[in-house]
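Examination of the molecular architecture
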Amino acid sequence: MKYCAIFHANLNYAYLLPEKYEYVIRNSYELIVDTMREQFPTQKYVFEASGFTIDKIAELCPDVMAKFKAAVDAGQCEFMGSPYAHLMMSNFPEDMDIWSLEFSQEAYERHLGKRLVSGWNPECGWMSYVPHAFQKTGFKQITLDFEGYSLSSMPEVRAVEYNSDKGACYGLDLPWYDLPGDEKALHFPFKNIVPGLNGFTRSDRLCQPALRWLMGMYPFEQYMDPIRKYSKKDEGCLIVFAEDAEYIGTAGWYFMKYYKQYDRLFERMPDAKEKFCHFMNVMQDEMNAEFISFDSACNDLPAVEKPFYVEDGLAWHRAWSIAWTYTPEAKEFDPIVMGLRDKALAAQQTAKNPADRARIRQAWYHITSAANSDGRWPPPPDLVCPFNKEWVAEQIALAQKVLVDF
């Protein structure tokens, strides 16, 4: 059995203020790249960052960006890509998804010298056009949600786990089906989800215990037990971490989410490196783990012999992507963003010169940035961070300014 770990970095994070960007980069992202290089140099890992995030890392901490580039060039780190400003792809049209992914690909070229082939679908929000948007922007494989797949394609799981409340934030408190340890959809890739695009599933069965152990909510064995259960076979691969990178080093917004302790947002976790190293050492010593890239997991293993299907609208945590559209902020911003999108589409039809086309392209940058999910989240009774709302409003204003003459 091989293993894969994906660290999802997002500086557009809800309640993450600009004055703390460098703090998070240093205490989380740099901790990951340094620890893997110094303590586990033979093990591969995947670091995912949006275009916005990689631009900020390069701007604020060029030395950290240099470390990531060196790790990528050495073959230890596979960099994974996602939409530029962390928009919920399933809640916006395909053309907006394509523009956002393209802006990210350009950022990866600037800082890593290449476009990326592995993609992260934010919140695993699913619509049938989402994989096409990745494929059209050069990606060869994407992260998939096992729960979305099993709820849609495995009747025995759906009967136990299905969440009928499309407005619920998540369904982690619902019952779990007793999934056999050798389930192939957890261990092998799906090939040609759409022509030329492969994928591999991550599951809350493994990733949520990781987060909760890091935050002290679960004992370590409660994280390891599902890893042991789903490692019974010698073949295939298992994704054992695919969560926010910020939880390696900081508390993210865990204390706000579970305990409403707003004063502990992104609090530094002093035992983060110790816990991270403990996990990696147990994986190596007990599980004889070989960590591989996501690219290898998707392309070097035999395919699941079933078609990949997820019901439109599902998202990770057994929730629905439409829940992101029910917040007051989404109801305020989304119609404006869609109106700007319509105006940009019309302007493309009449653009007569390169200068006009460049302005329209700039408008798309701001329109897709205004679709950022964290300016619309969390839902009531929690409050969306004023800064995140202001950032979205600023992007809307910039798009309006660019398009004023069209």
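Structure: see above.
Description of the structure in this document. Since the model is a prediction, treat every value here as computed from it, not as a measurement.

**Some remarks on the overall build of the protein**
Within the protein, the regular secondary structure consists of 16 helices and 11 strands. At 20 Å, the protein has a C-alpha radius of gyration in line with the 22 Å of a compact globule built from 406 residues. Dimensions of the protein along its principal axes, counting C-alpha atoms only, are 65 × 45 × 40 Å. A separation of at least 24 residues holds for 77% of the contacts in the protein among residues at least 6 apart in sequence. Carbon and sulfur atoms form 52% of the exposed surface of the protein, whose accessible area is close to 15,500 Å². Of the charged side chains in the protein, 42 are positive and 57 negative, and the gap between their average positions amounts to 3 Å.

**Describing the side chain of serine 28**
With respect to the helices and strands, the residue serine 28 is situated in helix α1 (residues 21–39). One polar contact links the side chain of serine 28 to the main-chain carbonyl oxygen of alanine 245, over a distance of 2.7 Å. Engagement of the side chain of serine 28 in a polar contact is seen with the backbone oxygen of isoleucine 248, the distance being 3.0 Å. When residues no more than four places from it in sequence are discounted, the contact partners of serine 28 are Ala245, Glu246, Ile248, Gly249 and Thr250.

**Some points on the packing of helix α10 (residues 220–229) against helix α12 (residues 272–287)**
At a minimum axis distance of 12 Å, the contact between α10 and α12 shows a crossing angle of 40°. Considering their axes alone, α10 and α12 lie oblique with respect to each other. By crossing handedness, the relation of α10 to α12 is classed as right-handed. Contacts between α10 and α12 involve Phe220, Tyr223, Met224, Ile227 and Arg228 from the first element and His278, Phe279, Val282, Met283, Glu286 and Met287 from the second. For the contact of α10 with α12, the residue count by class is eight nonpolar, one polar and two charged.

**Notes on α12**
Each α-helix turn comprises 3.6 residues. Residues three or four places apart therefore point the same way. With 16 residues, α12 extends 21 Å from end C-alpha to end C-alpha; this agrees with the ideal 22 Å at 1.5 Å per step. Among the residues of α12, those classed as buried are Ala272, Lys275, Phe276, Cys277, Phe279, Met280, Val282, Met283 and Met287. Those residues of α12 hidden inside the fold are in contact with β1 (2–9), α1, α9 (204–214), α10, β8 (237–244) and β9 (290–291).

**Describing the environment of arginine 376**
Looking at where arginine 376 falls in the secondary structure, it is placed in the loop between α15 (354–369) and α16 (386–402). You can call arginine 376 buried: its relative accessible area is 3%. Measuring from C-alpha to C-alpha, the distance between arginine 376 and tryptophan 324 comes to 7.0 Å, with 52 residues separating the pair along the chain. Among the polar contacts listed, one links the side chain of arginine 376 to the backbone oxygen of alanine 370, at a separation of 2.8 Å.

**Notes on the nonpolar core**
Nonpolar side chains in soluble globular proteins generally cluster together in the buried interior. Residues Phe47, Phe79 and Phe279 are the most contacted members of the largest nonpolar core, which totals 150 residues. When sequence neighbours within four positions are dropped, the list of residues in contact with phenylalanine 47 reads Phe7, Ala9, Tyr29, Ile32, Phe68, Cys77, Glu78, Phe79, Met80 and Ala245.

**Focus: the sheet that holds strand β7 (residues 197–202)**
Backbone hydrogen bonds are what pair the strands of a sheet, in a parallel or an antiparallel way. Strands sit in the order β4-β5-β7-β6 across an open sheet of four strands; the sheet is mixed. The sheet is open, and its two borders are formed by β4 (118–119) and β6 (190–194), each paired with just one other strand. Sheet topology note: the β6/β7 ladder contains two bridges and is antiparallel. Looking at β7, one finds that valine 194 is bridged to leucine 197. Helix α6 (residues 146–153) rests against β5 (141–145), β6 and β7 of the sheet, and its axis sits at about 65° to β5.

Cut-off values and rules
- Residues numbered from 1 in each chain as written.
- Predicted model: local features only at pLDDT ≥ 70, side-chain atom pairs only at ≥ 80, totals over all residues.
- Heavy atoms only, no water.
- Helix = DSSP H or I, 4+ residues; strand = E, 2+ residues; numbered from the N terminus.
- Rg over C-alpha atoms; globule rule 2.2 N^0.38 Å.
- Contact = heavy atoms within 4.5 Å.
- Areas by Shrake-Rupley, 256 points an atom, 1.4 Å probe, with all protein chains shown as cover.
- Lys, Arg positive; Asp, Glu negative; His and termini not counted.
- Charge placed at Lys NZ, Arg CZ, Asp CG, Glu CD.
- Polar contact = N/O pair within 3.5 Å; in protein donor to acceptor, adjacent residues only side chain to side chain.
- Axes fitted to C-alpha atoms, helices over the stretch in contact; angles between N-to-C directions.
- Parallel < 35°, antiparallel > 145°, perpendicular 65-115°, else oblique.
- Left-handed = near helix turned anticlockwise from the far one by under 90°.
- Nonpolar A, V, L, I, M, F, W, Y, C, P; charged D, E, K, R; others polar.
- Expected span 1.5 Å × (residues − 1).
- Buried < 20%, exposed > 50% of the residue type's maximum accessible area, 1.4 Å probe, protein only.
- Core = buried A, V, L, I, M, F, W, Y, C linked by side-chain atoms within 4.5 Å.
- Pairing = 2+ DSSP bridges.

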